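One-letter residues, chain by chain:
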Amino acid sequence: VLPDTIDGSFSEWDISSGGIPMYNAGNPSKAHVADAYLSYRCSDSTLCVLVTARSGYVFASNEAWIKIYDGDNSERDFVEGFQYIYDGENVVAWEGCTTDLPATPFVSSIQMEIHANWGPASGGGTGNTASTGKKNSDDFVCLDLDCG
C-alpha cells in the first residue's frame with residue numbers, strides 16, 4: 001500500500017513485517033544500520049521507498065537515493081515526492097516515490113540498490129554508506145512486480 005502523501009512521517013507505512021536490511025558499505029558481514037521498505041502501485045507504475053535507521057544510527061540530510069539497474073544504471077529522481085524524517089534534529093528515515101522506472105510494459109522485475117549516508121547517533125559524522133548492495137553482489141534488491 002502506497003502512502004497517501006510524502007510528508008516526512010512514516011506513520012502511513014506498514015513496517016511490522018520487517019524490511020530489507022541495509023548494511024554498512026552494502027556488506028552483510030558489516031553493521032546492519034538501516035531497513036528499507038518498498039511499495040509499488042501497478043496502475044501508474046509508482047514505486048515508493050521508506051528507509052529507517054536502526055537504533056543508534058542517524059542519516060545525513062543530503063545523501064539518499066535509489067539506483068535502478070536497467071541499462072544506464074542511473075540514480076532515479078523522486079519525481080513523486082521526497083522527504084527526510086526527523087526525530088528532533090536527527091534524520092532517522094527518508095521516504096520518496098518515483099515513476100522514473102524502466103519504460104517497457106514487459107518488465108516483470110526491477111533490480112535496484114537503495115542508499116543512504118549514516119553515522120552513529122552519538123555523533124562523529126554521517127559519512128558512512130548504508131546500502132542494500134550493488135547489482136553484482138549477492139545481496140542487491142530484485143523487486144518482482146506482480147500486476148496480474
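Residues numbered from 1 in each chain as written. Predicted model: local features only at pLDDT ≥ 70, side-chain atom pairs only at ≥ 80, totals over all residues. Heavy atoms only, no water.

Asks: Give a description of unusual backbone geometry that names residues and reports values.
Replies: We note that A25 has phi near 60°; this positive angle belongs to a residue other than glycine. Inspection of the secondary structure puts A25 in the loop between β1 (20-24) and β2 (32-41). (Helix = DSSP H or I, 4+ residues; strand = E, 2+ residues; numbered from the N terminus.)

Asks: Provide a residue-level description of the nonpolar core, including the pertinent values.
Replies: In terms of nonpolar packing, the biggest core is built from 23 residues, with V49, V51, F59, I66, W94, M112 and I114 touching the most fellow members. For this core, the elements supplying multiple residues, two or more each, are β2, β3 (46-53), β4 (57-68), β6 (90-98) and β7 (109-120). Sequence-distant contacts of V49, defined by excluding residues within four places in its chain, comprise W13, Y37, L38, I66, W94, E95, G96, M112 and I114. (Core = buried A, V, L, I, M, F, W, Y, C linked by side-chain atoms within 4.5 Å. Buried < 20%, exposed > 50% of the residue type's maximum accessible area, 1.4 Å probe, protein only. Contact = heavy atoms within 4.5 Å.)

Asks: Give me the pattern of salt bridges: which residues, what numbers.
Replies: If you walk through the whole model with that rule in mind, you get one salt bridge. Residue D35 is joined to R54 by a salt bridge in which the shortest nitrogen-to-oxygen separation is 3.3 Å. Here D35 is found in strand β2, whereas its partner R54 is found in the loop between β3 and β4, with 19 residues between them in sequence. Residue R54 is classed as partly exposed on the basis of its relative accessible area, which comes to 36%. (Salt bridge = Lys/Arg side-chain N within 4 Å of Asp/Glu carboxyl O.)

Asks: Describe the side chain of D35, and please don't skip the residues or the numbers.
Replies: Classification of D35 by relative accessible area gives buried; the value is 10%. Separated by 3.3 Å, the side chains of D35 and R54 make a polar contact. Setting aside its immediate chain neighbours within four residues, D35 contacts G19, I20, P21, M22, L50, V51, T52 and R54. (Polar contact = N/O pair within 3.5 Å; in protein donor to acceptor, adjacent residues only side chain to side chain.)

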